[in-house]
Amino acid sequence: MLDYPALAALAEIIRRGSFEAAAAALHVTPSAISQRIKGLEERMGAVLIHRGPPARGTEQGLRLMQHLDRVRLLEQGLTDESQPAMLRIAVNADSLATWFPPAMTALNVTYDLEIDDQDHARDWLRQGKVSAAITSDPDPVPGCDVIALGRMRYLALATPDFIARHFAGGVTAETLVAAPVVIFNAKDAAQAQWAQSITGQRLHLTGHLIPSSEAFARAVELGLGWGMIPETMAAPALSENRLSPLAPTPLDVPLHWQVQRALKPALAPLTAAIRKKAAETLRP
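Conventions adopted
Numbers given for residues are sequential positions, taken from 1 along each chain in its written order. Under the rules for a predicted model, residues below a pLDDT of 70 receive no local features and side-chain atom pairs below 80 are neither given nor counted, while totals for whole chains, interfaces and linings still include all residues. Processing note: side-chain calculations cover all non-hydrogen atoms of the structure and skip hydrogens and water entirely. What counts as a ring pair is set by centres within 6.5 Å for rings of Phe, Tyr and Trp (its six-membered ring), and what kind of pair is set by the plane angle: stacked under 30 degrees, edge-to-face over 60, tilted for all other angles. In this text, helices come from DSSP runs of H or I with a minimum length of four residues, and strands from runs of E with a minimum of two, each type numbered from the N-terminal end. Consider the ring centre and the ring normal. A charge sits over the ring if Lys NZ or Arg CZ is within 6 Å of that centre and within 35 degrees of that normal. The buried label goes to any residue with under 20% of its type's maximum accessible area, the exposed label to any with over 50%, and the partly exposed label to all in between, with areas taken from a 1.4 Å probe on protein chains only. One requirement defines pairing of two strands: DSSP has to find at least two bridges between them. Nonpolar cores are built from buried Ala, Val, Leu, Ile, Met, Phe, Trp, Tyr and Cys residues. Side-chain atoms within 4.5 Å join them into one set. By definition in these notes, contact holds between two residues if any of their heavy atoms fall within 4.5 Å. The convention used is that axes are lines fitted to C-alpha atoms, helices contributing only their stretch in contact, and that angles between N-to-C directions extend from 0 to 180 degrees. Angles below 35 degrees are treated as roughly parallel, those above 145 as roughly antiparallel, those between 65 and 115 as roughly perpendicular, and all remaining angles as oblique. Only Asp, Glu, Lys and Arg are considered charged in this grouping, and only Ala, Val, Leu, Ile, Met, Phe, Trp, Tyr, Cys and Pro are considered nonpolar; every other residue, Gly among them, is considered polar. Here, a salt bridge means any side-chain nitrogen of Lys or Arg that lies within 4 Å of a carboxyl oxygen of Asp or Glu.

> What exactly am I supposed to notice about the packing of aromatic side chains here?
By convention here, two paired aromatic rings are described through the distance between centres and the angle between planes. Going through the model one piece at a time under the given rule, you end up with three aromatic pairs. Both rings, one in tryptophan 99 and one in phenylalanine 100, keep their centres 5.7 Å apart while their planes meet at 80 degrees; by these two values the pair is edge-to-face. A centroid spacing of 5.5 Å and a plane angle of 55 degrees characterise the contact between tryptophan 194 and tryptophan 226, whose relative ring orientation is tilted. Within this pair, whereas tryptophan 194 is found in helix α9 (residues 190–199), its partner tryptophan 226 is found in the loop between α10 (213–221) and β9 (227–230), the two being separated by 32 residues in sequence. Directly above the aromatic system of tryptophan 124 lies the positively charged group of lysine 129, at a separation of 5.7 Å from the ring centroid.

> Would you take a moment to explain the pairing of strand β11 (residues 251–260) for this structure?
Within a regular strand, side chains alternate between the sheet's two faces. β11 sits mainly inside the fold: eight of its 10 residues count as buried. For strand β5 (residues 132–135) and β11, the ladder comprises four bridges, and the chain directions are antiparallel. Note that in β11 the partner of alanine 132 across the bridge is valine 259. Where strand β6 (residues 144–158) meets β11, 10 bridges bridge the pair, whose relative direction is antiparallel. Paired with aspartate 145 across the bridge in β11 is valine 259.

> Would you mind showing me how to read the nonpolar core here?
Most often, soluble globular proteins have nonpolar side chains that are buried together. With 48 residues, the main nonpolar core has Trp99, Leu149, Leu176, Trp194, Trp226, Leu246 and Trp257 as its most contacted residues. Looking at this core, the element that brings in the most residues is β6, giving six residues. Setting aside its immediate chain neighbours within four residues, tryptophan 257 contacts Ile89, Ala132, Ala133, Ile134, Asp145, Val146, Ile147, Leu149, Leu270, Thr271 and Ile274. In this structure, Leu10, Ile13, Ile14 and Leu62 belong to the second largest nonpolar core, which totals 21 residues.

> Explain the packing of helix α2 (residues 19–26) against helix α3 (residues 30–44) to me, please; I cannot follow it from the model alone.
The description of two helices packed together rests on the angle between their axes and the distance between the axes. Across the interface, α2 lies against α3 with an axial gap of 8 Å and an inter-helix angle of 105 degrees. Viewed along their axes, α2 and α3 adopt a mutual orientation that is roughly perpendicular. Residues Phe19, Glu20, Ala22, Ala23 and Leu26 of α2 touch α3, and the partners they reach there are Pro30, Ile33, Ser34, Arg36 and Ile37. Class assignment of the residues belonging to the contact of α2 with α3 gives a composition of seven nonpolar, one polar and two charged.

> Where do I start with the pattern of salt bridges in this structure?
Where charged atoms of side chains with opposite charge meet at close range, the side chains can pair. Following the criterion strictly, the structure yields 19 salt bridges and no others. A salt bridge links arginine 242 to glutamate 240; the shortest N-O distance between them is 2.7 Å. Across the pair glutamate 280 and lysine 276 runs a salt bridge whose closest N-O atoms are separated by 2.8 Å. Note that glutamate 280 and lysine 276 are positioned in helix α12 (residues 268–281) at a spacing of four residues, about one turn of the helix. Taking relative accessible area as the criterion, lysine 276 reaches 52% and is therefore assigned exposed.

> Any chance you could explain the packing of helix α1 (residues 4–16) against α3 here in plain terms?
Close contact between α1 and α3 brings their axes to 9 Å; oriented N to C, the two are set at 110 degrees. One finds that α1 runs roughly perpendicular with respect to α3. Note on element contacts: α3 touches α1 through Ile33, Arg36, Ile37 and Leu40, opposite Pro5, Ala6, Leu7, Ala9, Leu10 and Ile13. Classifying every residue of the contact of α1 with α3 gives nine nonpolar, no polar and one charged.

> Would you mind showing me how to read unusual backbone geometry here?
Working note: non-glycine residues mostly have negative phi, and peptide bonds are mostly trans. A cis geometry characterises the amide bond from glycine 52 onward to proline 53, with omega recorded as 5 degrees. Take proline 53: it is sitting in the loop between β1 (49–50) and β2 (56–57). Geometrically, the link from proline 53 to proline 54 is a cis peptide bond, its omega value of -10 degrees lying close to zero. With respect to the helices and strands, proline 54 occurs in the loop between β1 and β2. For histidine 27, which is not a glycine, the phi torsion comes out positive at approximately 60 degrees. Along the chain, histidine 27 turns up in the loop between α2 and α3. Here the phi dihedral of asparagine 241 falls at roughly 60 degrees; this positive angle occurs in a residue that is not glycine.

Given below as structure tokens:
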């Protein structure tokens, strides 16, 4: 049997970054927290915390924290008296900026969101670091079920002035390479994928790295570069002619909800809400 008070101490240290903050959260002394972690590490035969600062969980420490979260979620389904469980989910930034947040109200939990590209969110599940994820990959992670949600449509957009300056001769491989682009982060392949679909070539695009969906769209509206923006987010700017498409060809990204099979019943209300909001927002 695992020592669940020690697991609770471990989880609080990882989430709060220090033994002192964990002690305050659990209403015990820092010495008591240290004793719990020492005993747990001796029992597991492994270091569970990188002492920092800030304190961080080792790979095994993170797996134990995730185990505690799963147990709390399952217990929450049996009684209304337990404190809200922690639910870790991997979700892409554009979903979080548009359709995903209203679905989160369906479950009385404390959310811990990992923001990552939909092409990479599957890795969080595979490593056991999250209980569910929004992914682009339809292949289930072992031990998970997959539900297709629909397609998020992206449009290649820029200001009319930007298009006149950089694409007066048309959208070609040469003009795309020469024009500055807005990219979310190093994992963001949307702009390169769209450019390849237009030109048939793999291009090296350069420009601004802006890792925020709202700031990304704002940067495009300010004329800093062109970029791929979800059609729902871009609708107001398009209707007011603040943005225009570089070309009519969209980029559709399929999204799937992957959830650990053991937690499927406990997360059923959240899954239903996600399917409903996705059906209202995404393309079939």
